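Structure assessment
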Amino acid sequence: MKHLATLLALTALLLCSCHHSDSTGTITAQMALEGVNNYCHSEYDWSVAKDNSSMMSVTMGEETETEYQVIFRSYTGALVHFYVDKATGKTRLVETVPALDVDSAAGTINLLDYIEKNR
């Protein structure tokens with residue numbers, strides 16, 4: 001009987017820990033790109049790129065163990081680097097103006113707010 005109680009406790013613990021990791025989720029590279037792309041299309045004016053889509057872009061940057069970098073390039077030449085936390089989706093924005101050699105923190109977003117809800 002004691003072994004059965006131990007087995008049930010371990011099973012419950014395993015199920016709870018599996019559910020917890022699923023609920024926090026893991027952000028994939030595709031999700032990071034999709035979310036940042038959706039954010040950029042909702043927050044920036046893309047009309048200037050209507051006739052020439054290469055004027056503005058969203059591309060994947062470098063990846064570390066904990067985050068993805070996604071880069072938005074504006075028609076002005078400015079860049080916004082999105083650093084997406086793989087575990088939480090919390091995303092830091094850093095604006096860069098290469099011509100002026102200027103970087104500045106531009107806030108944070110929750111990437112999950114910009115990913116299609118039907119996933």
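Here's a quick rundown of the structure.

Cut-off values and rules
Residues numbered from 1 in each chain as written. Predicted model: local features only at pLDDT ≥ 70, side-chain atom pairs only at ≥ 80, totals over all residues. Heavy atoms only, no water. Helix = DSSP H or I, 4+ residues; strand = E, 2+ residues; numbered from the N terminus. Contact = heavy atoms within 4.5 Å. Areas by Shrake-Rupley, 256 points an atom, 1.4 Å probe, with all protein chains shown as cover. Buried < 20%, exposed > 50% of the residue type's maximum accessible area, 1.4 Å probe, protein only. Polar contact = N/O pair within 3.5 Å; in protein donor to acceptor, adjacent residues only side chain to side chain. Phe/Tyr/Trp six-rings, centres within 6.5 Å; stacked < 30°, edge-to-face > 60°. Lys NZ or Arg CZ within 6 Å of the ring centre and 35° of its normal.

What follows concerns the overall build of the protein chain. The helix and strand tally for the protein chain stands at two helices and five strands. Secondary structure elements in the protein chain, listed N-terminal to C-terminal, are α-α-β-β-β-β-β. Across the protein chain, contacts joining residues at least 24 apart in sequence account for 32% of those joining residues at least 6 apart. Carbon and sulfur atoms provide 57% of the accessible area of the protein chain, an area that totals close to 8200 Å².

As a further point, take the environment of S104. Tracing the backbone shows S104 in strand 5 (residues 102–110). Remark: the alpha-carbon pair of S104 and L93, spanning 11 residues in sequence, is separated by 8.6 Å. Setting aside chain neighbours within four positions, we find S104 in contact with L93, V94 and E95.

Relative to the helices and strands, K86 is located in the loop between strand 3 (79–85) and strand 4 (90–97). You can call K86 buried: its relative accessible area is 13%. Among the polar contacts listed, one links the side chain of K86 to the side chain of E63, at a separation of 2.6 Å.

Let us now look at unusual backbone geometry. Phi at D101 is positive, roughly 55°, even though this residue is not glycine. Mapped onto the fold, D101 is located in the loop between strand 4 and strand 5. Since its relative accessible area comes to 72%, D101 is described here as exposed.

Applying the stated criterion across every chain, the model contains five aromatic pairs. Considering the side-chain rings of Y39 and Y44, the 6.3 Å spacing of their centres and the 85° angle between planes classify their relative orientation as edge-to-face. Here Y39 falls in the buried class, since its relative accessible area comes to 11%. A ring pair is formed by Y44 and F72, whose centres lie 4.5 Å apart and whose planes are at 5°; its orientation type is stacked. Placement of the pair is Y44 in the loop between helix 2 (29–43) and strand 1 (57–63) and F72 in strand 2 (residues 67–73), with a sequence separation of 28 residues. Exposure remark for F72: the relative accessible area of 2% places this residue in the buried category. What links up through ring pairs into an aromatic cluster is the set Y39, Y44, W46, F72, F82 and Y114. In this structure, K86 is placed above the aromatic ring of Y68, and the distance from its NZ or CZ to the ring centre is 4.7 Å.

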